[in-house]
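Summary of the model geometry
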Amino acid sequence: MNKLIRYGWLLGWWLLAGPAAAQRLVQSISANWLFSKDSAAFDTSREPAAPHWEPVSLPHTWNAADVLDDTPGYYRGVGWYKKTLRVPAAWQHRRLWLRFEAANQEAEVYVNGQLAGRHSGGYTAFSLPISHLLAFGPGGARAEVLVKVTNRFNAAIPPLSADFTFYGGLYRDAYLVAAEPVHFDLANHASAGVFVTTPAVAAGAAQVVVAGRVVNELTRAQPVVITTRVVTREGQLVGQQQTRLSLPAGASRAFRLALPPVRQPHLWAPTDPYLYRVLTTVQPAGQPASPAFDEVSSPLGLRWFRFDAAQGFFLNGQPLKLIGTNRHQDYPGLGNALPTALAERDVQLLKEMGGNFLRVSHYPQDPAVLEACDRLGILASVEIPVVNAITDSPAFFQTCRAMQTEMIRQNFNHPSVIIWAYMNEVLLRLPPGLKRDNDAGRAYLRRVQALAQQLDSLTRREDPARPTMLVCHGDYELYKQAGLLAVPQVLGWNLYQGWYSGDLQGFPSFLDRLHRELPATPLLVTEYGADADERLHAAGPRRFDKTTEYANRYHQFYLAAILARPFVAGSTVWNLAEFNSETRQEAVPHINNKSLLTADRRPKDAYLFYQARLLKTPFLKIGSRAWTLRAGPAAGPDSLICRQVVEVYTNQPAVQLLLDGRDLGTRPAAEGLARFSVPFHNGPNQLRAQAPGQAVDDEVSIDFHLIPTRLADARIPFTELNVSLGDERTFTDARLHQVWLPEQAYAPGGWGYVGGHVYKLPGERLPYGSDRNILGTEYDAMYETQRLGLSEFRLDVPDGAYELTLHFAELEAAPQAEQLAYNLAGEKAAPAAATGPMARRFSVLVNGQAALPGLDAASGLRPLQAASFRVPVVARGGQGIRLVFQAEAGEAFLNGLQIKRVF
């Protein structure tokens, strides 16, 4: 059943207004739509056959599944939605509008076979009047709504390209709005039609001004009174102002009400996000007892702020370092079609981290996001999706201006918003044939600057109280050459030194350079991060190895540099949670896992680290909480333990760690963490961490599989071993309860490879392995590494029957059609590893038998395709298992090996 709700843009407060006060009604129409990709759906001369349609409810995207499969690309085309609305007869005198919170990215809306309107841009709301398309009878009116949506590439609509997926569909909620003929402006870019400003706020008093436009769609003149009231959260009236207007028939009039100062205001801040309400009504003049024609409820947070190029950000007169994250609207199985509860939950998770700032990137998001920011005390920056590049055309420029206007007006009344932004890394990809030092390239840069200047000027006109921001990637000279550094009031910088390029020390050096060369411009670090695949761990983490440990080191270094520099106003980690980027390959294809949370919102170590650094309440958590299944080699021939580092995150001065009740010592905590070398033994291990003298502790149970130095060691009967060749990392497969160990050279009594070398792509970015999508597997991280040219692999296992599984993936393949610019970071792209499949052929002998003869592309070793072969084998006479690789053409290779004892 559809539910009637007030339409006040802060929907949680509508009940306080009273049941008869607000005459604008809103009916959710998100349920019970039909969806089709069939072009026959638009043939209004006939009803398509039932199989053409499928029932759906909004939010909905048609790309929730195809962005994750192994077939490159995803459906970018047309989808159709239809729904029949029955409008009650009592609404005949009202003015009816359809409101869609978003449709990605072009929409045409038809009502009863007639075009109601179009909208371009996939991330802002749009509203369309439909009263003139309805025919009322005694039983009301029937509205057959048909919506054509397409997420096709359109050179006139940003984003043109980006490191996220352009899901298609009606992926946010939709509403039917019923307003009285006299109402606040519904045609103002899908905004509330009422705009609240606070020209002056101080501890002693706050000025509040309310402006907007009221519309008279009656056939006669109508005198009206517009009243604005400011009420506290508890419902107490603290300010009121009204004005009288005479509205000619069919006309509209602007209004502006300056309220008496709010004395001793309760200020809004992250630690105390106190919200007033502003209730603005229009009602018939001279009839104070009559119901209002219309009412809009707006949130009001009384605060003042400023950016200072030397000292950072100030809120309510006090310095405040902005620390937070970016966010994408994305969730496993849902694509971008998230219910509002998940949007709100993301903001809550940021708050629970101790963050106070959200960069809503790279596009305006569900209204629930900023509503949650207002309520929870999270400051926010919002931007339109002009990402990577522009199209130099009047249509593109006009679309950008329309997007910026819609974004500002629809979100104007949110006190959490402190920045309007409009470009992100816009020079990351110059169009083909253009270079910074040729005439065409220089002309393009001038056009980018012209668009930036237009958007910046538009933004300052729309909202002089909030600063503008343009976000650059790390190519300082290029942005300077383009003249972009002088356009906005605040500059954002997406910086990845120590990840995409260079080393970690390049980050503070770049910040210091920015401050020297741009001493009058406030700056934010708007992106930084390192991929963190929670399945991958390394004792010696290296740049771009995708391990949790390297990401931990990266965040610890970056946050320290940010906090040490007052001129850095703040920072936002990339990203709050993992999100889909269909064109990405790498260890987890189609997923960008630079994040503090997994895609399903479980905390990674870095999230715990930020909690330890930012929270004021006592906090303590054992790190790598998802790594509860571990394995490793014994510390020596006579040892029954394996030492691994465990980090404990805390804001307490010291941590005591216990293993199975045995005290491992107390360590001081520095900058949010304490490190312990833990002697894990075979089987269950119970860790308990506590802060001495404080009632804060944490426990985790770890199942450890110890691999003895001598595989025939009777003290630990051999069961299985999984090895990732050409790898320095441990790979944990929780689903199959398996741990893959990094390769090692063979030593008598143990296991390992003999000869060969690690596969490595040309260039300096990857320490080893490939970053290509391996088809036919979910274990890309294991198949992306290999040892080439090995002559043997030996396993000195005890006598018995075993199951041997060998894993292969040919990594030499044609270069991918498009390399993500995000993986270049100013570096030159490495040359392609090969132009096609290698002319490779080899055999594998197992204990002298040709178990896998003549392996080549024809027999299953196809490029970038996972292949595995299972071989039964018996170890006899204390000789263990010996694999011999015989190359006939090219080099033999091996990606992974598993050995499991059968009996």
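See the structure above.
First, a word on scope: everything that follows refers to the structure included in this document. Model, not experiment: these values are computed from the prediction. Think of each chain on its own: its residues are numbered from 1, step by step along the sequence as written. Selection of residues for local features in this predicted model requires a pLDDT of at least 70, selection of side-chain atom pairs for listing and counting requires 80 or more, and totals for whole chains, interfaces and linings are taken over all residues. Note that water and hydrogens are dropped before the side-chain values are worked out from all heavy atoms of the structure.

1. What to know about the overall build of the protein chain
For the purposes of this entry, the term helix denotes a DSSP run of H or I that reaches at least four residues, the term strand denotes a run of E that reaches at least two, and both are numbered from the N terminus. Looking only at helices and strands, one finds 9 helices and 59 strands in the protein chain. Against the compact-globule benchmark of 29 Å for 903 residues, the protein chain has a radius of gyration of 31 Å, which places it among compact chains. The buried label goes to any residue with under 20% of its type's maximum accessible area, the exposed label to any with over 50%, and the partly exposed label to all in between, with areas taken from a 1.4 Å probe on protein chains only. Here the protein chain holds 903 residues, and 61% of them are scored as buried. The Shrake-Rupley method, run with a 1.4 Å probe, gives the accessible areas here. Residue values count only the displayed protein chains as cover. Accessible area of the protein chain: about 33,600 Å², with a carbon and sulfur share of 53%. Note on charges: Lys and Arg go in the positive column, Asp and Glu in the negative column, and His and the chain ends are not counted at all. To locate a charge, take atom NZ for lysine, CZ for arginine, CG for aspartate or CD for glutamate. Seen as two clouds, the 87 positive and the 84 negative side-chain charges of the protein chain have centres 6 Å apart. Atoms counted for the radius of gyration: C-alpha only. Globule rule: 2.2 Å times the number of residues to the power 0.38.

2. With respect to the pairing of strand E54 (residues 841-846)
Within E54, 5 of the 6 residues are buried, which leaves the element mostly enclosed by the surrounding structure. Note: E54 against strand E57 (residues 881-889), 6 bridges, orientation antiparallel. Across the sheet, residue Leu845 finds its bridge partner in E57, namely Val884. Two strands qualify as a pair provided DSSP detects at least 2 bridges between them. Alignment of E54 against strand E55 (residues 849-855), held across 4 bridges, turns out to be antiparallel. Paired with Leu845 across the bridge in E55 is Ala850.

3. Structural notes on the sheet that holds strand E44 (residues 683-690)
Taken in spatial order, the 5 strands of this open sheet run E39-E45-E44-E41-E42, and their pairing is mixed. Because the sheet does not close on itself, it has two edges, and the strands there are strand E39 (629-633) and strand E42 (662-668). Neighbouring strand axes in the sheet, compared pairwise and without regard to direction, differ in orientation by 30° on average. Two strands pair when backbone bridges link them, and strand E41 (residues 654-659) and E44 are joined in this way by 4 bridges, in the antiparallel orientation. Within E44, the position partnered with Leu658 by the bridge is Arg688. What counts as an axis is a line fitted to C-alpha atoms, over the stretch in contact for a helix, and the angles between N-to-C directions run from 0 to 180 degrees.

4. Here we look at the packing of helix H1 (residues 340-353) against helix H2 (residues 367-376)
Packed helix pairs are characterised by how far apart their axes lie and by the angle those axes make with each other. Their axes nearest at 8 Å, the elements H1 and H2 cross at an angle of 35°. Crossing angle aside, the handedness with which H1 passes H2 is right-handed. On H2, the residues touching Thr340, Ala343, Glu344, Val347, Gln348 and Lys351 of H1 are Ala368, Val369, Ala372, Cys373, Arg375 and Leu376. Here the contact of H1 with H2 is composed, by residue class, of 7 nonpolar, 2 polar and 3 charged. Each crossing is labelled by how the near helix is turned from the far one, with a counterclockwise turn of less than a right angle marking it left-handed and a clockwise turn marking it right-handed. It only takes one pair of heavy atoms within 4.5 Å for two residues to be counted as in contact. The nonpolar class holds Ala, Val, Leu, Ile, Met, Phe, Trp, Tyr, Cys and Pro. Asp, Glu, Lys and Arg form the charged class, and all remaining residues, Gly among them, are polar.

5. A few points about helix H4 (residues 439-462)
Take the number of residues in a helix, subtract one, and multiply by 1.5 Å to get its expected span. The terminal C-alpha atoms of H4, which comprises 24 residues, lie 35 Å apart, in line with the 34 Å expected from a rise of 1.5 Å per residue. Considered for burial, the residues of H4 that qualify are Gly441, Tyr444, Leu445, Val448, Ala450, Leu451, Ala452, Leu455, Asp456, Leu458 and Thr459. Here the buried face of H4 lies against helix H3 (394-411), strand E30 (417-424), strand E31 (468-472) and helix H5 (476-481).

6. As for the sheet that holds strand E8 (residues 114-120)
The strands making up a sheet associate through backbone hydrogen bonding, with each pair oriented either parallel or antiparallel. Spatially, 6 strands are ordered E4-E3-E5-E10-E7-E8 in an open sheet, and the strand pairing comes out antiparallel. Each edge of the open sheet carries a strand with a single partner, namely strand E4 (54-56) and E8. Strand-to-strand twist of the sheet, defined as the mean angle between neighbouring strand axes without regard to direction, takes the value 25°. Bridge analysis of strand E7 (residues 106-111) against strand E10 (residues 141-150) gives 6 bridges, and the strand direction is antiparallel. Within E10, the position partnered with Val109 by the bridge is Val147.

7. Brief notes about the nonpolar core
Proteins that are soluble and globular tend to have nonpolar side chains buried together. What is meant by a nonpolar core is a set of buried Ala, Val, Leu, Ile, Met, Phe, Trp, Tyr and Cys residues, joined one to another through side-chain atoms within 4.5 Å. Core analysis: the largest hydrophobic core is formed by 166 residues, its most contacted members being Trp493 and Leu883. For Leu883, the contacting residues outside a window of four places in its chain are Ser791, Glu792, Phe793, Leu795, Leu804, Leu806, Val844, Leu845, Val846 and Leu897. Of all hydrophobic cores here, the second largest spans 33 residues; its members include Ile29, Ala107, Leu176 and Ala178.

8. Some words on helix H7 (residues 548-563)
In this model, H7 (16 residues) spans 22 Å end to end at C-alpha, consistent with the 22 Å of a helix rising 1.5 Å per residue. Of all 16 residues making up H7, 12 are buried, and the element is well covered by its neighbours.

9. Points about the packing of aromatic side chains
Stacked, edge-to-face and tilted are the three classes for Phe, Tyr and Trp ring pairs, Trp counted by its six-membered ring, which pair at centre distances within 6.5 Å; planes under 30 degrees apart are stacked, over 60 edge-to-face, the rest tilted. Going through the model one piece at a time under the given rule, you end up with 32 aromatic pairs. Their ring planes at 75° and their centres at 5.3 Å tell us that Phe164 and Phe166 sit as a pair that is edge-to-face. Residue Phe166 is classed as buried on the basis of its relative accessible area of 5%. Centroid distance Tyr528 to Tyr558: 5.3 Å. Interplanar angle 15°. Geometry classified as stacked. Residue Tyr528 is found in the loop between strand E33 (523-527) and strand E34 (536-537), and its partner Tyr558 is found in helix H7; the two are separated by 30 residues along the sequence. When its relative accessible area of 0% is taken as the criterion, Tyr528 is described as buried. Assessed through its relative accessible area of 0%, Tyr558 is described here as buried. Members of the aromatic cluster, joined through ring pairs, are Tyr496, Trp499, Tyr500, Phe544 and Tyr550. Just above the ring of Phe544 sits the side chain of Arg765; from NZ or CZ to the centre is 4.5 Å. Only when the NZ of Lys or the CZ of Arg is both within 6 Å of the ring centre and within 35 degrees of the ring normal is a charge said to sit over the ring.

10. Considering the side chain of Glu578
Note that Glu578 resides in the loop between strand E35 (568-573) and strand E36 (579-580). Overall, Glu578 belongs to the buried group, its relative accessible area being 13%. Of note is the side chain of Glu578, whose polar atom sits 2.9 Å from the side chain of Lys604. Each residue touching Glu578, except ones within four places of it in the same chain, is listed here: Ala532, Ile591, Asn592, Asn593, Ser595, Leu597, Thr598, Ala599, Arg601 and Lys604. We call two N or O atoms a polar contact when they sit within 3.5 Å, provided that within protein one can donate a hydrogen and the other can accept it, with sequence-adjacent residues counted only if both atoms are side-chain atoms.

11. Focus: the pattern of salt bridges
Salt bridge, as used here, is a side-chain nitrogen of Lys or Arg placed within 4 Å of a carboxyl oxygen of Asp or Glu. Taken as a whole, this structure holds 47 salt bridges when the rule is applied. Between Glu517 and Arg513 there is a salt bridge; the shortest N-O distance is 3.0 Å. Linking Glu517 with Arg513, this pair stays in helix H6 (residues 506-517), spanning 4 residues, or about one helical turn. A salt bridge links Glu586 to Lys546, with the shortest nitrogen-to-oxygen separation between them at 3.2 Å. Pair noted here: Glu586 is in the loop between E36 and strand E37 (591-592) and Lys546 is in the loop between E34 and H7, with a separation of 40 residues, a long-range link. When salt bridges with common partners are traced through the structure, they connect Asp163, Asp531, Lys546, Arg584, Glu586 and Lys594 into a single cluster.

12. A look at the pairing of strand E6 (residues 95-100)
Summarising burial for E6: 5 of the 6 residues are buried, a large majority. Bridge analysis of E6 against strand E11 (residues 174-179) gives 6 bridges, and the strand direction is antiparallel. When the bridges of E11 are listed, Leu96 appears paired with Ala178. Here 4 bridges tie E6 to strand E9 (residues 126-129), and the two strands are oriented antiparallel to one another. Its bridge partner lying in E9, Phe100 is registered against Phe126.

13. A look at the environment of Thr165
Mapped onto the elements of the fold, Thr165 is located in the loop between E10 and E11. Judged by relative accessible area, which is 5%, Thr165 ranks as buried. In this structure, Thr165 is in contact with Val67, Tyr74, Asn580, Ser581 and Glu582, ignoring residues within four places of it in sequence. Of the polar contacts made by the side chain of Thr165, one reaches the side chain of Asn580; its length is 2.4 Å. Looking at Thr165, its side chain comes within polar contact range of the main-chain nitrogen of Glu582, at 3.0 Å.

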